[in-house]
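Chain by chain, the residues:
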Amino acid sequence: MQAVYLSHNGMTEALGQRQVLPYLRGLSAGGVRIDLFACEPPGTGLDQTEGLRQTLLQDGIRYTPLRRRPSHGLRSKLLDCGQLFLRALLRASIEGMRPRIIHARSHLPGAVAAALARIFPKTPFVFDCRGLLAEEYADLGHWRRGGVA
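Residues numbered from 1 in each chain as written. Predicted model: local features only at pLDDT ≥ 70, side-chain atom pairs only at ≥ 80, totals over all residues. Heavy atoms only, no water.

K.L.:
Looking at this structure, how should I read the nonpolar core?
P.N.:
The tendency in soluble globular proteins is for nonpolar side chains to be buried as a group. Of all hydrophobic cores here, the largest spans 16 residues; its most connected members are L6, F37, L84 and L116. The set of elements that each furnish at least two residues to this core consists of β1 (2-7), β2 (33-40), α3 (74-92), β4 (101-105) and α4 (107-119). When near neighbours in sequence (up to four residues on either side) are disregarded, L116 contacts L6, F85, A88, L89 and I102. One finds A3, M11, V20 and L36 within the second-largest nonpolar core, a separate group that totals 14 residues. (Core = buried A, V, L, I, M, F, W, Y, C linked by side-chain atoms within 4.5 Å. Buried < 20%, exposed > 50% of the residue type's maximum accessible area, 1.4 Å probe, protein only. Helix = DSSP H or I, 4+ residues; strand = E, 2+ residues; numbered from the N terminus. Contact = heavy atoms within 4.5 Å.)

In structure tokens:
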């Protein structure tokens, strides 16, 4: 089975290392072919992502690191989503790479997964909700309550 996994969290970050990668390695060990698209934080070096890419490839996971914008503004998040969407769409459009399932970790990748599922009818997606994004951003002071940004 071919799966696409979308994450706005980076796999070089603690959350990716401790939660996402063990989960994906387990799926891969069970025979699932995984295309992983993750937004890495600003300042992540090519040596980090390339080393991880090689390691994950040995585990049966094709990892595509994308650069996450440093701003927490809505525009930056939309651009991150556009990048996730285009890269996943290009990969899924290749013969033999069409996903049988799309897995999205959190809200922004969830919107991308919903769009991809419309392009690839009958491809279900799993929405992995880890909290309410808007609430988390407001609590951290990135967004203000009662406003758009």
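After that view, the rundown keeps rolling.
K.L.:
What is the right way to read the packing of helix α1 (residues 14-29) against helix α2 (residues 46-58) from this model?
P.N.:
How two helices pack is summed up by the angle between their axes together with the distance between the axes. Where α1 contacts α2, the two axes come as close as 11 Å, and the packing angle between them is 30°. Classed by the angle they form, the pair α1 and α2 counts as roughly parallel. The element α1 and its partner α2 pack so that their crossing is right-handed. Counting all contacts with α1, which are made through Q17, L21 and R25, the residues of α2 involved are L52, T55 and L56. (Axes fitted to C-alpha atoms, helices over the stretch in contact; angles between N-to-C directions. Parallel < 35°, antiparallel > 145°, perpendicular 65-115°, else oblique. Left-handed = near helix turned anticlockwise from the far one by under 90°.)

K.L.:
I tried to follow α1 on my own but got confused; where do I start?
P.N.:
Along an α-helix, residues three or four positions apart point the same way, because every turn accommodates 3.6 residues. The first and last C-alpha atoms of α1 sit 22 Å apart over 16 residues, in line with the 22 Å expected at 1.5 Å per residue. Along α1, the sharpest change in direction is near 35° and occurs at V20; proline P22 comes one to four residues later. Along α1, the residues that are buried comprise G16, V20, L21, L24 and S28. Contacts made by the buried residues of α1 are with β1, β2, α2, β3 (61-67) and β4. (Expected span 1.5 Å × (residues − 1). Bend = angle between axes of the 7 residues up to and from the residue.)

K.L.:
Any chance you could explain unusual backbone geometry here in plain terms?
P.N.:
A negative phi angle characterises most non-glycine residues, just as the trans form characterises most peptide bonds. Positive phi, normally seen in glycine, also occurs at S106, with a value near 90°. For S106, a relative accessible area of 15% corresponds to the buried category.

K.L.:
Is there a simple way to explain the pattern of salt bridges in this structure?
P.N.:
Two side chains bearing opposite charge may form a pair once their charged atoms approach each other closely. Applying the stated criterion across every chain, the model contains 6 salt bridges. Residue R68 is joined to E13 by a salt bridge in which the shortest nitrogen-to-oxygen separation is 3.1 Å. Here R68 is found in the loop between β3 and α3, whereas its partner E13 is found in the loop between β1 and α1, with 55 residues between them in sequence. Judged by its relative accessible area of 15%, R68 falls in the buried class. For R62, the salt bridge goes to D35, with nearest N and O atoms at 2.7 Å. Residue R62 is found in strand β3, and its partner D35 is found in strand β2; the two are separated by 27 residues along the sequence. In this structure R62 comes out as partly exposed when scored by relative accessible area, which is 37%. On the basis of relative accessible area, D35 is assigned to the buried category, the value being 0%. (Salt bridge = Lys/Arg side-chain N within 4 Å of Asp/Glu carboxyl O.)

K.L.:
Before we go on, may I ask you to explain the pairing of β2 in this structure?
P.N.:
Along a regular strand, successive side chains alternate from one face of the sheet to the other. Where burial is concerned, most of β2 is hidden: 7 out of the 8 residues are buried. Bridging between β1 and β2 involves 6 bridges; their strand directions are parallel. Considered in β2, the bridge of Q2 is made with R33. In this sheet, β3 lies alongside β2 in parallel orientation, the contact comprising 7 bridges. Within β3, the position partnered with A38 by the bridge is P65. Following the backbone out of β2, through α2 and into the adjacent parallel β3, one traces a crossover that is right-handed. (Pairing = 2+ DSSP bridges. Right-handed = clockwise from strand over helix to strand, strands pointing away.)

None of this, on its own, says anything about what the molecule does.
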